[in-house]
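An overview of the molecular structure
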Amino acid sequence: MTARIDQFAAAPDLMKSMLAMEETIVGSGLEHSLIELVKLRASQINHCAFCIHMHTHDARANGESDTRMHLLHAWQESSLFTPRERAALGWTECLTEVATRGAPNSAYAALAAQFDRREQVAVTLLITTINAWNRLAIGFAIPHPVDQEAATA
């Protein structure tokens, strides 16, 4: 897989806002483990190999278990996820697939039961941001690092 363009080289001024949003999310007070689970789940739904690779490695480096990452596709059937994580993952799935799923009251109620109003905005911006990153990586065919290493070997 060969990248179509490097968005950072092509438009560094435009990418500054994406990087700033990323910094905002990291500084929002949300747990790092929750941030990585949301990023990984949205990336799975969007089939973004680059982001799945990145967030699997980031989550593992920050103490996330392989078991939970393997079960993330089936989080609803697993007791390994906290009510707070479950609410965020449900909201992630709805907003990532908003065209077909909408944002039902039940998903919002679950979110509101676990997150205060500021945190609800932070989780929603987190979901928005990872979906934007997924679209950049998929649209510009950004290969995940293993492909890059294989291409240079």
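Provided above is the structure to which this section pertains.
Residues numbered from 1 in each chain as written. Predicted model: local features only at pLDDT ≥ 70, side-chain atom pairs only at ≥ 80, totals over all residues. Heavy atoms only, no water.

Comments concerning the packing of helix H2 (residues 12–26) against helix H9 (residues 117–139)
In the contact formed by H2 and H9, the axes pass within 10 Å of each other and the chain directions differ by 140°. As for the relative orientation of H2 and H9, their crossing is left-handed in sense. Residues Met15, Met18, Leu19, Met21, Glu22 and Ile25 of H2 form the contact with H9, whose own contacting residues are Ala122, Leu125, Leu126, Thr129, Ala132, Trp133 and Leu136. Its residues placed into classes, the contact of H2 with H9 shows 11 nonpolar, one polar and one charged. (Axes fitted to C-alpha atoms, helices over the stretch in contact; angles between N-to-C directions. Helix = DSSP H or I, 4+ residues; strand = E, 2+ residues; numbered from the N terminus. Left-handed = near helix turned anticlockwise from the far one by under 90°. Contact = heavy atoms within 4.5 Å. Nonpolar A, V, L, I, M, F, W, Y, C, P; charged D, E, K, R; others polar.)

So, the nonpolar core
One finds Leu30, Leu34, Ala88, Trp91, Phe115, Val123 and Leu126 to be the most contacted residues of the largest nonpolar core, which totals 16 residues. Where this core is concerned, the elements lending two or more residues are helix H3 (32–46), helix H6 (83–96), helix H8 (105–114) and H9. If we ignore the near neighbours within four places in the chain, the residues touching leucine 34 are Arg84, Glu85, Ala88, Phe115 and Val123. (Core = buried A, V, L, I, M, F, W, Y, C linked by side-chain atoms within 4.5 Å. Buried < 20%, exposed > 50% of the residue type's maximum accessible area, 1.4 Å probe, protein only.)

Some remarks on the packing of H3 against H6
One way to put it is that H3 packs onto H6 with a least axis distance of 10 Å and a crossing angle of 30°. Crossing handedness for the pair H3 and H6: right-handed. Touching Ser33, Leu34, Leu37, Val38, Arg41, Ala42, Ile45 and Asn46 of H3 are Arg84, Glu85, Ala88, Leu89, Thr92, Glu93 and Thr96, all from H6. Grouping the amino acids of the contact of H3 with H6 by side-chain chemistry returns seven nonpolar, four polar and four charged.

These figures come from the coordinates and say nothing about function on their own.
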